Amino acid sequence: MAETKENYDLTPRVAPNLDRHLVFPILEFLQERQLYPDEQILKFKIELLNKTNMVDYAMDIHKSLYHTEDAPQDMVERRAEVVARLKSLEEAAAPLVTFLLNPAAVQELRADKQYNLQMLKERYQIGPDQIEALYQYAKFQFECGNYSGAADYLYQYRTLCSNLERSLSALWGKLASEILMQNWDIAFEELNRVKDIIDSKSFASPLNQVQNRIWLMHWGLYIFFNHDNGRTQIIDLFNQDKYLNAIQTSAPHLLRYLATAFIVNKRKRPQLKEFIKVIQQEHYSYKDPIVEFLACVFVNYDFDGAQKKMKECEEVIVNDPFLGKRVENGNFSTVPLRDEFLENARLFIFETYCRIHQRIDMGVLAEKLNLNYEEAERWIVNLIRTSKLDAKIDSEAGTVIMEPTQPNVHEQLINHTKALSGRTYKLVTQLLEHTQGQAAR
Amino acid sequence: MSRFFAQGGSDSEDESDIEEEILEDQNNDINNRYLQDNSDDDDDTDTKRVIKPTKDKRFEEMTHAVEQMKNAMKINDWVSLQENFDKVNKQLEKVMRITEAVKPPSLYIKTLVMLEDFLNEALANKEAKKKMSPSNSKALNAMRQKLKKNNKLYEEDINKYREAPEVEEENELEDEDDEDEEDEDEEDDDSKEAVTDEGVGDTTDTRWETMLNKKDKQMEKLLSKDPKEITWDWVNQKFKEIMAARGRKGTARFDLVDQLTHLTKIAKTPAQKLEILFSVISAQFDVNPGLSGHMPIKVWKKCVLNMLTILDILVKYNNIVVDDTIEPDENETSKPADYDGTIRVWGNLVAFIVRIDTEFFKILKSIDPHTREYVERLRDEPMFLALAQNIQDYFERMGDFKAAAKVALRRVESIYYKPQEVYEAMRKLAELVEEEEEAEDAEEESGPISSFIVVPEVVPRTPTFPESGRAMMDILVSLIYRNGDERTKARAMLCDIYHHALMDNFGTARDLLLMSHLQDNIQHMDISTQILFNRTMAQLGLCAFRVGMITESHSCLSELYSGQRVRELLAQGVSQSRYHEKTPEQERLERRRQMPYHMHINLELLEAVHLIGAMLLEVPNMAANSLEARRRVISKNFRRLLEISERQAFNAPPENVRDHVMAATRALTKGDFQTAFEVLNSLEVWRMLKNRDSILEMVKARIKEEALRTYLFTYSSSYESLSLEQLAKMFDVTEAQVHSIVSKMMINEELHASWDQPTRCIVFHEVQHSRLQSLAFQLTEKLSVLAESNERAMEARTGGGGLDLSSRRRDNNQDYAGAASGQPRDWSGQNRGGGYAARAGSGNRGGMQMDGSTRMVSLNRGVRA
């Protein structure tokens, strides 16, 4: 079983698309779940930290890994180096930082960027060099793990920066900082900002654009599964044609998260059908219990298979760093997403099952739903009462009888034609726009 | 065929070339008539000639006479020779008068020399003389006397000419361009004759001896030179001389090659050697005239060896640069090997390698594929691959990645169609060849003259192959994607897809195809790329079938089979069409495009796959829509075949693939899956497949499934309920499968029924519309079609405005065939991915602007982080 757990662990595929700092929460999670030996994770952490400036932290880990008290020489040296560099950067950025710390001075800034630059130069002798220094300083702060400082500075930097390229990377930095500080609302705003830039900006090659989208989606995973409204938003973002294409070409493992969101989210049913097609297409390149569950229910109508997959899904969700978030509730710790997922998955099965049946034995149904007889009956009664299900229970025979779902001919006809008027209307507006556009030319 | 004869245009003349040689020896009379005809014809047929100054006209007449004399000489016909000689003399007077020249034209002198030589020979050959007919020998004697008298007049000129024929010729060249051209053609003919068949007639032989003598003399001159006296200048001058003779009359192509080859041995500097080597290769290419013929195999091999030597030089002396853009300076090659700066030599390695490859192709095409020889030739392929690999390496080292990509494409094109087994075999062969080659080399080195510039074999003579063909493809293809130009990339992409399909990676292959957007613009590409595209589609279809994706397989192949021109589309033979007569020109072009046999895709297998796919899709479809006939046709081709077979009064036992599938179809329509499978199982073509058993299993499973569906469609109206168990038993399928299949049908509303779970039965619902209702349905459907077509018209005009329109179309990805039923356009027509493009749309990949680059996304993944 342990082996399969590792098989479903996406960390190796996700990590390359993340920032170093963003990988830490994942590693923490893995350590907690004890999927891998502790030592391995610690080693990996040190490796990660070596490229960052969080030397102290690295030293701590080193100590706990090798059970020694002294840190290796190169780390000590590196620490000195980092501190020195921090000092020099601090000095370089000092004028601007002091300016920004002064609330009265900040009041003077206006929405006009040009004006601001002019004003800074004339009255405070702050030129492009200092602004650049601010960026470097903020980056360094981020490297050192001081995310809130980095976020603040980057925010300020963006108001002053005129270089688009730089501005974008500042934005990425800000996004990372907010994610690491777990300010989900702000992070989400930043995410949208980055997304707008990626979509509107012209990239050197389509390749770059795709890569950027993929990064964005990966980073977004933190937000979507923590933000209250995230599950709708993840579908909104991932299911856009451009992003879906990117997933299919380069990161099919993201399908897991999208699939989960689809199952959990009831409001996005209409898009589900499209998504099922995508799953079928990508079947060969990516397999995952969650994705397979959808395939079982909606492609093969293999309900027993779906049943089995559901159990595997549970395992996957609990062990996934993004999906398996725990909530401490007194002495229990529960994974809210898991419960939600199971509930919805059950509903999925049941709905489809009912659609093709006329009469179902309650016992079998209970078994299929992973409930006992009483519970199943109550569950169904509830469904009938809330008129989600058009059925009756025959308690003598112990069966549920579906009402024949003969579609009304009249209704069908209306369904067929309803969309037509809208389409025609749209067509006419398009036509008019077009002719107007031509006339204007 | 030489241009000289083709000019005539009339049939009799076309043939005359061959016939002459065969008939003439035996029958002189006929000969005469022929010749006479010829002379007449020539005058007639030269109608296209523009009016020329009298001088030229006279000259031409004289040339004609000389020409006829040559012909007469060839067949030892002294009578006509004599006649013509008189004619020439008469014309000479005219010419001299017009040109007011003191000296007779060199053409005349040359003729005299020729005649004299020929005469002496004829006299010396006593035996032949005896055999001559009386009239002929009489003419011979008369000729001897006349010539003696005549030659005395021009003794001086003749002697001069004998001393320096080259100079004379050159003058002549300048004077008479027209004449030269015709002569050349004549020469073409001659040399070809000599190449192909040495013993046409005694007389030709003798004439050739004289020629040989001449060139032997030249060779002698080259060889006899004392090595010490050879200087760069001398070699350079010689080289120029020989090059000037290229393409001129009197220079046999083989000799040119020989002479040049000798020159390479005495070249003084590496650069000079290089320059001469380039000329050798060009001369070797010249050996084969015309487009349709191919290079002799020996020459081809030598050519490859020469290329390798060039590379040796280039690798060893890396200050030498090959370039074809600049005109190098005269004495560039005199710079010694240790010269500091770069030495530029004119040449184009890519063009050479491409030419070598095409020649190899042509050689293969001209050999009967069922002979041993063909296999022998195939063994030469590693040799070519080694060369290509070396050149590519060289270019990469020089930083010329564009050229490297082009060479890489050649390599890709020679391995993409090889399945792993064949690739493995080639790899082993290459290792074997290595040993043999070493032995051969030893022999060669013991040749008489060793060259001045000895170049050690720096570049390896054998190709190195990675373990798997896939690995090799990956390396080459990614190089091309990075550096190639549009066409190179497109071709490489197609080869890549083909190879993926060959390896049964259908998913990867399909994704590549969809992402590259090749099917959108393939009809703008050149024909050979289109053929490659068709081949790729065919292979993709086969691949989809092998992995059990029938629908995909069918949509790949249906277009190839939409007109009965598969052979043509895949360039695997020419199909005769009743309605469309081809001109010989077209036919020749087509022949040139043909694929060599070892690259063919088995057509029977392809047909079987296509028809079986169509059957599996079409039979249940027909059953489902039996009432509203031909409303939804999936495969037109299949429907047509079915109709034909149904029209027959008696069905004979199946013979070809088509009959088999039709027999299977008849069984399947009745739900008799066993018979259907047995009929298909008896097909011969299955042995072409690697994992035959598993594929047949798949086919069987699919047949069962479709039989079940067909059965339900056909007979559901006769049942109130049907038990799961019974169905499972009837079609020998597991209950779970039946459940899944039937459920699918219910959800898709193909079957109006539902399960009764406690009793495990299907309960059928009676659905019947009144006439009014069904009419109303028809009306709404027509309305939506109308709306759709409006939108489409709008979209076409505004250039694809509405995004939501296309997404809606995606929903009803209904009839592939409808879209594919297409217009029978010419070549391009078949490629427009009607069916498949529809799938591309539904594949959600539309609107992404990237070609090959996407592939690199996955390769470069995670650069950041």
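As shown above, the structure is provided for reference.
So, here is what we can say about the structure in this document. On a predicted model such as this, the values are computed, not experimentally measured, just so you know. (Residues numbered from 1 in each chain as written. Chains lettered and ligands numbered in written order. Predicted model: local features only at pLDDT ≥ 70, side-chain atom pairs only at ≥ 80, totals over all residues. Heavy atoms only, no water.)

**A few points about the nonpolar core**
If you look at the biggest cluster of nonpolar residues, it comprises 302 residues, and the most contacted ones within it are Leu175(A), Phe238(A) and Leu606(B). Among the elements that line this core, the one with the most residues is helix H30 (residues 603–624) of chain B, at 14 residues. Each of domain 2 (230–436) and domain 3 (485–574 + 590–601) of chain B gives at least three residues to this core. With 30 residues, the next largest nonpolar core counts Val88(B), Leu112(B), Val113(B) and Leu147(B) among its residues. (Core = buried A, V, L, I, M, F, W, Y, C linked by side-chain atoms within 4.5 Å. Buried < 20%, exposed > 50% of the residue type's maximum accessible area, 1.4 Å probe, protein only. Helix = DSSP H or I, 4+ residues; strand = E, 2+ residues; numbered from the N terminus. Domains from an automatic or database assignment.)

**Let's talk about the sheet that holds strand S3 (residues 721–723) of chain B**
Strands sit in the order S4(A)-S5(A)-S3(A)-S4(B)-S5(B)-S3(B) across an open sheet of 6 strands; the sheet is mixed. On the outer flanks of this sheet lie strand S4 (391–394) of chain A together with S3 of chain B, each paired with one strand and no other. Neighbour-to-neighbour, the strand axes of the sheet open up by a mean angle of 20°, direction not taken into account. The pairing of strand S4 (residues 753–756) of chain B with strand S5 (residues 761–764) of chain B spans 4 bridges and is antiparallel. Each bridged residue has a counterpart across the sheet, and for Ala753(B) the counterpart in S5(B) is Phe764(B). Against the sheet, helix H20 (residues 336–355) of chain A makes contact with strand S3 (357–361) and strand S5 (399–402) of chain A, and its axis sits at roughly 125° relative to S3(A), the strand it touches most. (Pairing = 2+ DSSP bridges. Axes fitted to C-alpha atoms, helices over the stretch in contact; angles between N-to-C directions. Contact = heavy atoms within 4.5 Å.)

**Section: unusual backbone geometry**
You will see that Gln182(A), though not glycine, has its phi angle at about 65°, which is positive. Along the chain, Gln182(A) falls in the loop between helix H11 (164–181) and helix H12 (184–200). Notably, Ala571(B) is not glycine yet its phi reads approximately 55°, a positive angle. Considering the arrangement of structural elements, one finds Ala571(B) in the loop between helix H28 (566–570) and helix H29 (584–593).

**Brief notes about the environment of Asp380(B)**
All names here are of chain B. If you trace the backbone, Asp380 turns up in the loop between helix H18 (372–378) and helix H19 (381–398). Overall, Asp380 belongs to the buried group, its relative accessible area being 7%. Remark: the alpha-carbon pair of Asp380 and Leu429, spanning 49 residues in sequence, is separated by 9.7 Å. Each residue touching Asp380, except ones within four places of it in the same chain, is listed here: Trp300, Lys301 and Phe360.

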